[in-house]
Amino acid sequence: MANKGFNGTTVTFPNLTLTSNLRSVKYGAKVKLVDVTASSDTEAKNVAGIKSKTLTITAVGGATDVVGNVGNLVANFFDNTSMTITNALCESAETDGAMDGAITTTYSFVSGG
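The structure reproduced in this document is the subject of the present report. Along each chain, residue indices are assigned from 1 in the same order as the chain's sequence is written. This being a predicted model, a pLDDT of at least 70 is required before a residue's local features are given, and a value of 80 or more before pairs of side-chain atoms are given or counted; all residues contribute to the totals for chains, interfaces and linings. To obtain the side-chain values, all non-hydrogen atoms of the structure were used and water was disregarded.

**Considerations on the packing of aromatic side chains**
Note on aromatic pairs: each is described by the distance of the centres and the angle between the planes.
No. 1: Here a pair means two rings of Phe, Tyr or Trp (six-membered ring of Trp) with centres within 6.5 Å. Their orientation is stacked below 30 degrees between planes, edge-to-face above 60, and tilted elsewhere. Under the counting rule described, the total for this entry stands at three aromatic pairs.
No. 2: Measuring from centroid to centroid gives 6.4 Å for Tyr-107 and Phe-109, while their planes differ by 25°, and the two rings are stacked. The same class applies to Tyr-107 and to Phe-109, which are both buried.
No. 3: Members of the aromatic cluster, joined through ring pairs, are Phe-13, Tyr-107 and Phe-109. Only protein chains enter the area calculation, which uses a 1.4 Å probe; residues under 20% of their type maximum are buried, those over 50% are exposed, and those in between are partly exposed.

**With respect to the nonpolar core**
No. 1: If you look at the biggest cluster of nonpolar residues, it comprises 19 residues, and the most contacted ones within it are Leu-55, Leu-73 and Phe-109.
No. 2: Elements with a minimum of two residues in this core: β1 (10-13), β2 (16-18), β3 (22-35), β4 (46-60), β5 (70-76), β6 (82-96) and β7 (104-111).
No. 3: Only runs of H or I of at least four residues qualify as helices and only runs of E of at least two qualify as strands under DSSP, and these elements are numbered from the N terminus. A total of four residues in this core trace back to one element, the largest contributor, which is β6.
No. 4: Excluding anything up to four places from it in sequence, Leu-55 contacts Val-25, Lys-26, Tyr-27, Leu-73, Ala-75, Met-83, Ile-85, Tyr-107, Ser-108 and Phe-109. We define a nonpolar core as any set of buried Ala, Val, Leu, Ile, Met, Phe, Trp, Tyr and Cys residues linked to one another through side-chain atoms lying within 4.5 Å. Any two residues whose heavy atoms approach within 4.5 Å at even a single point are treated as in contact.

Okay, structure coming up:
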């Protein structure tokens, strides 16, 4: 039997609440590498820079205009797992559709300020 833990997921952001129309949620975090290699080193040396978070959400239906907005973004899964980006920036919203298919919108959020 498939794990249906995604069913019941909710996403909230100022002026945007997504519940039953969610199709997918993808979270990621990464750091920029800072090159600290000296001329006397025989191998490259890197240290971790500042962490950056991303959250990409796809929902059924047209877009709500939140591009450029900054606010707290929270995705809560049915099993009480959650992902939060404080001061998230909505970087983009893209809506598409195709013959005999659903209209979907994909929102991309990044660490903001």
